[in-house]
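# Topology and contacts: notes
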Amino acid sequence: QLQLVESGGGLVQPGGSLRLSCAASGFILDYYAVGWFRQAPGKEREGVACITSRGDSTDYADSVKGRFTISRGNAKNTVYLQMNSLKLEDTAVYYCAAGPLRCTYTMDFWGKGTLVTVSS
């Protein structure tokens, strides 16, 4: 049952915060790079954050730098995306994905997504 499951999405007001979780089952997430991606209404999928195997390094899209933080929890099969100062344009379905070496749009495992809606 190799899978990733996202949780933590919901409705928030502009300026608010959410923490998304990505939980793996059937494999050890710590051995993989993990990325967060999103797809906004009418837009292409985009990468927003990435953490390499064992948390050696992180990378962020320019649009979320300083606002979002990706991290590995002390639960070894869990990765988080802390989202602060949310903007209307952050509204999207957020997906986590895992694969070897680095984050790409063709990673091995993908979650089904969790919806984040930023609205006043």
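Up top you'll find the structure we're talking about.
A brief structural summary.

Rules used throughout
Residues numbered from 1 in each chain as written. Predicted model: local features only at pLDDT ≥ 70, side-chain atom pairs only at ≥ 80, totals over all residues. Heavy atoms only, no water. Buried < 20%, exposed > 50% of the residue type's maximum accessible area, 1.4 Å probe, protein only. Helix = DSSP H or I, 4+ residues; strand = E, 2+ residues; numbered from the N terminus. Pairing = 2+ DSSP bridges. Polar contact = N/O pair within 3.5 Å; in protein donor to acceptor, adjacent residues only side chain to side chain. Contact = heavy atoms within 4.5 Å. Core = buried A, V, L, I, M, F, W, Y, C linked by side-chain atoms within 4.5 Å. Disulfide = S-S within 2.5 Å.

Right, let's talk about the pairing of strand S8 (residues 78–83) for a bit. Sheet faces and side chains relate simply in a regular strand, where the side chains alternate between the two faces. Within S8, 5 of the 6 residues are buried, which leaves the element mostly enclosed by the surrounding structure. The pairing of strand S3 (residues 18–25) with S8 spans 6 bridges and is classified as antiparallel. Bridging across to S8, Ala23 finds its partner in Thr78. As paired strands, strand S7 (residues 68–72) and S8 are joined by 5 bridges and run antiparallel to one another. Counted as the bridge partner of Phe68 is Met83 from S8. Hairpin connection between S7 and S8: a loop of 5 residues separates the two successive antiparallel strands.

Looking at where Thr91 falls in the secondary structure, it is placed in the loop between S8 and strand S9 (92–99). A distance of 3.0 Å separates the side chain of Thr91 from the backbone oxygen of Leu88, its partner in a polar contact. Of the polar contacts made by the side chain of Thr91, one reaches the backbone nitrogen of Val118; its length is 2.9 Å. Sequence-distant contacts of Thr91, that is, excluding residues within four places in its chain, are made with Ala40, Pro41, Val116, Thr117 and Val118.

Taken as a class, soluble globular proteins show a tendency for nonpolar side chains to be buried jointly. With 31 residues, the main nonpolar core has Leu4, Trp36, Leu81, Met83 and Tyr94 as its most contacted residues. Counting residues per element, the ones that place at least two in this core are S3, strand S4 (33–39), strand S5 (46–51), S7, S8, S9 and strand S11 (114–118). Excluding residues within four positions of it along the chain, Leu4 makes contact with Cys22, Ala23, Ala24, Phe27, Leu29, Cys96, Ala97, Ala98, Phe109, Trp110, Gly111 and Lys112. Core analysis: the second largest hydrophobic core is formed by 6 residues, Ala33, Ala97, Cys103 and Met107 among them.

What follows deals with the environment of Thr106. Turning to its location among the elements, Thr106 is positioned in the loop between S9 and strand S10 (109–110). Among the residues examined, Thr106 registers a relative accessible area of 68% and is labelled exposed. For the pair Thr106 and Ala23, spaced 83 residues apart in sequence, the C-alpha to C-alpha distance is 19 Å.

All right, on to the state of the cysteines then. Tallying each qualifying case throughout the model produces 2 disulfides. Across a sulfur-sulfur distance of 2.1 Å, Cys22 and Cys96 are joined as a disulfide pair. Across the disulfide from Cys22 to Cys96, rotation about the S-S bond amounts to roughly 70°, and the bridge is consequently right-handed. One end of the pair, Cys22, is in strand S3; the other, Cys96, is in strand S9, and 74 residues separate them in sequence. Just as Cys22 is buried, Cys96 falls in that class too. With a sulfur-sulfur separation of 1.9 Å, Cys50 is cross-linked through a disulfide to Cys103.

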